[in-house]
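Residue-level structural notes
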Amino acid sequence: YDDAVAKSLLVEAQTFYNLLNLCDGLSDRAVHIGTPRRANNDGSADDNSPGESQPDIVKVSPRERREHAFRIKKHMESISLPLNEPAYTALIRILSKANDT
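Quick look at the structure, then. Here the structure is a predicted model, which means the values were calculated and not measured.

**Side note on the environment of Val60**
- Checked against the element boundaries, Val60 lands in the loop between helix 2 (13–24) and helix 3 (62–78).
- Its relative accessible area of 33% is what places Val60 among the partly exposed residues.
- Expressed as a C-alpha distance, the spacing of Val60 and Gly25, which sit 35 residues apart in the sequence, is 9.1 Å.

Rendered as structure tokens:
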């Protein structure tokens with residue numbers, strides 16, 4: 001996001017909405033984008049392909065999530081992009097998790 005903004009790249013509205021939802025976190029649900037995962041012999045999903053390393057998981061505090069989300073929201077306001085319902089809901093959840101309602 002920051003690289004796109006720094007390079008003045010156009011970002012689609014749906015990308016902003018997805019970013020706000022990602023600020024809410026993925027702890028309560030699983031998200032998979034792309035091709036289907038390979039199944040192991042036991043039927044479970046294989047999260048690692050040969051030669052692929054998993055990125056380190058970085059813990060982000062609720063305060064940091066709130067800061068990122070509202071920075072994105074401020075940018076959306078500056079380009080007159082309205083919040084859709086899922087993005088608005090994500091902001092409410094972020095504020096609730098940060099105990100800032």
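**Brief notes about helix 2**
- The terminal C-alpha atoms of helix 2, which comprises 12 residues, lie 18 Å apart, in line with the 16 Å expected from a rise of 1.5 Å per residue.
- On the buried face of helix 2, the contacting elements are helix 3 and helix 4 (85–97).
- Backbone geometry just downstream of helix 2 places Gly25 in the positive-phi region, at approximately 100 degrees.

**Comments concerning helix 4**
- In a regular helix each residue adds 1.5 Å, so 13 residues correspond to 18 Å; helix 4 covers 18 Å between its end C-alpha atoms and thus fits that length.
- For helix 4, the elements touching its buried residues are helix 2 and helix 3.
- Where helix 4 begins, the capping side chain belongs to Asn84, and its oxygen is found 2.9 Å from the backbone nitrogen of Ala87.
- With its phi angle positive at about 55 degrees, Asn99 sits one or two positions after the end of helix 4.

Each value, and the rule that gives it
Residues numbered from 1 in each chain as written. Predicted model: local features only at pLDDT ≥ 70, side-chain atom pairs only at ≥ 80, totals over all residues. Heavy atoms only, no water. Helix = DSSP H or I, 4+ residues; strand = E, 2+ residues; numbered from the N terminus. Buried < 20%, exposed > 50% of the residue type's maximum accessible area, 1.4 Å probe, protein only. Expected span 1.5 Å × (residues − 1). Contact = heavy atoms within 4.5 Å. Polar contact = N/O pair within 3.5 Å; in protein donor to acceptor, adjacent residues only side chain to side chain.

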